[in-house]
Amino acid sequence: MTSFPEGFLWGAATAAHQVEGNNLNNDWWRLEQVAADYGVQASGDALDSYHRYHEDMRLLADRGFTAYRFSLEWSRIEPLPGQFSRAALDHYRRMIDTARELGLEPVVTVHHFTHPVWFDDRGAWLWDGAVDAFMRYAEQACTILGDVHWIITINEPNVLAITHGGQRQVALGNPYPRNALPDQEIGDVLIAAHRVAAPMLRQRTGARVGWSVANQALTATPGNEEKFTEVQYLIEDKYLQVSREDDFVGVQSYTSQPVEADGIVPHPVADDNTLMGWAYRPDALGIAVRHTRDVVGPDVPILVTENGIATDDDERRIAYTTAALEEVAAAIGQGVNVRGYLHWSLLDNFEWGHWAPTFGLVAVNRETFARHPKPSLDWLGEVARRNAV
Ligand code: IFM
């Protein structure tokens, strides 16, 4: 058995649009309504977690987990520009209170991929009012985040800068298709938004504030080392370097991808690829936390804010997660300052246009909304209780 440091956080993660249902007022909902011809499925009622969050959190608390990561939905909180919904803010406040009552540390994401339609209509992150608008929204969010200890400003800014740079298919089944790169201009705006919002959130809440970066454990193919260094900077390190100024950095890792002469390449088709078509690489998490430490420096704590596998074989989920946690334990043993592990995901949720890739520790009947815990939920709860794998 390998033990983790005392106080290590054990939890699972979700994001508003992937579980709540009926987020009628955001850009993803709008896309889903017009993209059916391209095989895009709709979120619809999703898992109705907007109403069932207490039940969801209890699934974790009852089994000994100590944290729950969820996100605020901007389009509910600010349905029209400058018009804030007190009721929506109160809803998320109740979620924070519920987590606390159940003994779960809330880890709150302010922005997880979705935008109000009015923001999208103005050009989203390329609108010259984007940073101010995000700041105004984040200021309102502060009114309910006073006692939260972990805040993520923006989820996977590096992926967001790809999907909003005209490669929205990236979030529809394969994170990094051939030669994918973040749109540099959007990336710069996201960095600017984080850099103004983070100090404000820190000052008004006292929370540890950071953002969560998608780590792809990139590898150079022989002879392409120079290209690899260039791609790794543009797709990851540029965003990780920003975290040097932060209280922590969120690492999100699932798999590894090679870089060839022209750039990043898709995962080759293989029998053991996951339901996302990604290579089965539980070792990616170890590579990711070490790489993050190397870029960000040893003083900024790391929280694994996402890690998991899309599979319909729960034994495979347990095997993958065991191996990934062994990687984390080894990295900690070598001095990498990892403070917690949040599994993606608590529920079989809406995977951005698709329902088939099931990442959850819990299955959900989408007619009755009944939750059906998988053996992996009990297993990871036991790991949490023992603080050891
Ligand atoms: O579902 C997503 C999540 O929203 C962001 N990180 C990757 C997950 C799996 O694709």
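Rules of the game
Residues numbered from 1 in each chain as written. Predicted model: local features only at pLDDT ≥ 70, side-chain atom pairs only at ≥ 80, totals over all residues. Heavy atoms only, no water. UniProt positions renumbered as here; feature names shortened; annotations may be inferred. Helix = DSSP H or I, 4+ residues; strand = E, 2+ residues; numbered from the N terminus. Buried < 20%, exposed > 50% of the residue type's maximum accessible area, 1.4 Å probe, protein only. Polar contact = N/O pair within 3.5 Å; in protein donor to acceptor, adjacent residues only side chain to side chain. Contact = heavy atoms within 4.5 Å. Axes fitted to C-alpha atoms, helices over the stretch in contact; angles between N-to-C directions. Parallel < 35°, antiparallel > 145°, perpendicular 65-115°, else oblique. Left-handed = near helix turned anticlockwise from the far one by under 90°. Nonpolar A, V, L, I, M, F, W, Y, C, P; charged D, E, K, R; others polar. Phe/Tyr/Trp six-rings, centres within 6.5 Å; stacked < 30°, edge-to-face > 60°. Lys NZ or Arg CZ within 6 Å of the ring centre and 35° of its normal. Near = heavy atom within 4 Å. Areas by Shrake-Rupley, 256 points an atom, 1.4 Å probe, with all protein chains shown as cover.

Per an unreviewed UniProt entry, the recorded name for the chain is Glycoside hydrolase family 1 protein, and the organism is Microbacterium oleivorans. The heading Sequence similarities (unreviewed entry) in the UniProt record of the chain holds the text "Belongs to the glycosyl hydrolase 1 family."

Asks: Where do I start with the side chain of E78 in this structure?
Replies: Residue placement: E78 occurs in the loop between α4 (74–77) and α5 (86–101). Owing to a relative accessible area of 0%, E78 belongs among the buried residues under this scheme. For E78, the side chain forms a polar contact with the main-chain nitrogen of G82, separated by 2.7 Å. Side chain to side chain, E78 and R136 meet in a polar contact 3.1 Å long. In this structure, E78 is in contact with Q83, F84, P116, W118, A133, R136 and Y137, ignoring residues within four places of it in sequence.

Asks: Where do I start with the packing of helix α7 (residues 130–142) against helix α9 (residues 184–205) in this structure?
Replies: Axis angle and axis distance: for two packed helices, these are the angle between their axes and the distance between the axes, and together they describe the pair. Between α7 and α9, whose axes approach to 9 Å, the crossing angle comes to 25 degrees. By the criterion of interaxial angle, the relationship of α7 to α9 is roughly parallel. Every pair of crossing elements has a handedness; the one defined by α7 and α9 is right-handed. Two secondary-structure elements touch here, α7 through A130, V131, F134, M135, A138, E139 and C142 and α9 through V189, A192, A193, V196, A197, M200, L201, R204 and T205. Classifying every residue of the contact of α7 with α9 by side-chain character gives 13 nonpolar, one polar and two charged.

Asks: Could you clarify how one ought to interpret the packing of aromatic side chains in this entry?
Replies: What characterises a pair of aromatic rings is the spacing of the ring centres plus the angle enclosed by the ring planes. Going through the model one piece at a time under the given rule, you end up with 25 aromatic pairs. With 6.0 Å between their ring centres and 85 degrees between their planes, W118 and F119 make a pair best called edge-to-face. The exposure classification of W118 matches that of F119, with both residues buried. Among the aromatic residues, those joined into a cluster by ring pairs are W74, W118, F119, W125, W127, F134 and Y137. The ring of W150 carries R208 above its face, with NZ or CZ at 4.5 Å from the centroid. In this structure, R366 is placed above the aromatic ring of W355, and the distance from its NZ or CZ to the ring centre is 3.6 Å.

Asks: Teacher, can you tell me more about the site of the ligand here?
Replies: Near the ligand there are 13 residues, and of these Q18, H112, E156, E306 and E351 occur at the shortest range. Between the ligand and H112, the relevant distance is 2.8 Å, taken from an oxygen atom to a side-chain nitrogen or oxygen of the residue. One of the side-chain N or O atoms of W344 is found 3.4 Å from an oxygen atom in the ligand. In isolation the ligand offers 280 Å² of accessible surface; the protein chains occlude 94% of this area.

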